[in-house]
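Coordinate inspection notes
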Amino acid sequence: QVQLVESGGGLVQAGGSLRLSCAASGRTFSNYAMGWFRQAPGRERDIVAAISWSGGITYYAESVKGRVTISRDNSKNTVYLQMNSLKPEDTAVYYCAVHTKPRYFGLAKSEYDYWGQGTQVTVSS
């Protein structure tokens, strides 16, 4: 049973930082790309960042580029999202996800097979 558990969300002032973590279990994830998505109230769930199985390839949405860093530690089956210079428009529920096609790097949320329960990030102005 694949399980993804996010942590690290919370309330932060604009300009602050948060580090989200996603611990994966149920199988070895070192062959799978992983991603972070976010969903604000009344909006679609959109990709924030993605990272390839080895960590050698990363993708960032334009809205977060330069402020966010995705990384992974395959020895811990964990992916991270370091978010700096946070803005009120970053407020959303953040989800991590994995797609289980080995050594494939996709960005569409329809390609992701398993999702965490989400962690709330709230940025106050």
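Up top is the structure these notes are about.
A few points on the structure. A quick note: this is a predicted structure, and the numbers were derived from the prediction, not measured.

Per the secondary structure count, the chain includes zero helices and eleven strands. Rg of the C-alpha trace for the chain: 13 Å, near the compact-globule value of 14 Å for 125 residues, within the 12% margin. In terms of overall dimensions, the chain has C-alpha extents of about 40 × 25 × 25 Å along its principal axes. By residue count, 44% of the 125 residues in the chain fall in the buried class. Restricting the contact set of the chain to residue pairs at least 6 apart, pairs at least 24 apart contribute 60%. Taking the average location of the 13 positive side-chain charges in the chain and that of its 9 negative ones, the two points are 5 Å from each other.

What follows deals with the environment of alanine 97. Among the secondary structure elements, alanine 97 is positioned in strand E9 (residues 92–98). With a relative accessible area of 0%, alanine 97 lands in the buried category. Each C-alpha atom of the pair alanine 97 and glutamate 6 lies 9.8 Å from the other, and the pair is 91 residues apart in sequence. Other than its neighbours up to four places away in sequence, alanine 97 contacts Leu4, Ala33, Met34, Gly35, Phe37, Tyr112, Tyr114 and Trp115.

Strand pairing in a sheet takes place through backbone hydrogen bonds and is either antiparallel or parallel in direction. Strand order in the open sheet formed by four strands is E1-E3-E8-E7, with antiparallel pairing between adjacent strands. Because the sheet does not close on itself, it has two edges, and the strands there are strand E1 (3–7) and strand E7 (68–73). Sheet twist, expressed as the mean angle between neighbouring strand axes with direction ignored, is 15°. Pairing of E7 with strand E8 (residues 78–83), which is carried by six bridges, proceeds in the antiparallel orientation.

In this structure, the largest pocket occupies an estimated 200 Å³ of space. What lines the largest pocket is Arg38, Gln39, Ala40, Arg43, Glu44, Asp46, Ile47, Ala61, Ser63, Glu89, Thr91 and Ala92. Contributing elements (two or more residues each) for the lining of the largest pocket: strand E4 (34–39) and strand E5 (46–51). Of the residues belonging to the lining of the largest pocket, the class tally is four nonpolar, three polar and five charged.

Here we take up the pattern of salt bridges. Tallied over the full model, the rule gives four salt bridges. The salt bridge partner of arginine 38 is aspartate 90, with a shortest N-O separation of 2.9 Å. Residue arginine 38 is found in strand E4, and its partner aspartate 90 is found in the loop between E8 and E9; the two are separated by 52 residues along the sequence. On the basis of relative accessibility, which here comes to 14%, the residue arginine 38 falls in the buried class. A residue is classified by how much of its surface remains accessible, and aspartate 90, at 2% relative accessible area, is buried. Between glutamate 44 and lysine 109 there is a salt bridge whose closest N-O contact spans 3.8 Å. Highlighted residues: glutamate 44 in the loop between E4 and E5 and lysine 109 in the loop between E9 and strand E10 (114–115), separated in sequence by 65 residues. Taken together, the shared-partner salt bridges in this structure form one network comprising Arg38, Arg67 and Asp90.

Scoring rules and cut-offs
- Residues numbered from 1 in each chain as written.
- Predicted model: local features only at pLDDT ≥ 70, side-chain atom pairs only at ≥ 80, totals over all residues.
- Heavy atoms only, no water.
- Helix = DSSP H or I, 4+ residues; strand = E, 2+ residues; numbered from the N terminus.
- Rg over C-alpha atoms; globule rule 2.2 N^0.38 Å.
- Buried < 20%, exposed > 50% of the residue type's maximum accessible area, 1.4 Å probe, protein only.
- Contact = heavy atoms within 4.5 Å.
- Lys, Arg positive; Asp, Glu negative; His and termini not counted.
- Charge placed at Lys NZ, Arg CZ, Asp CG, Glu CD.
- Pairing = 2+ DSSP bridges.
- Axes fitted to C-alpha atoms, helices over the stretch in contact; angles between N-to-C directions.
- 1 Å grid on protein atoms, 1.4 Å probe; cavity = no way out; pocket = protein on both sides within 12 Å on 5 of 7 lines; lining within 4 Å.
- Points joined across faces, edges and corners; volume = space filled by probe spheres on them.
- Nonpolar A, V, L, I, M, F, W, Y, C, P; charged D, E, K, R; others polar.
- Salt bridge = Lys/Arg side-chain N within 4 Å of Asp/Glu carboxyl O.

Function cannot be read off these values alone, since they describe shape.
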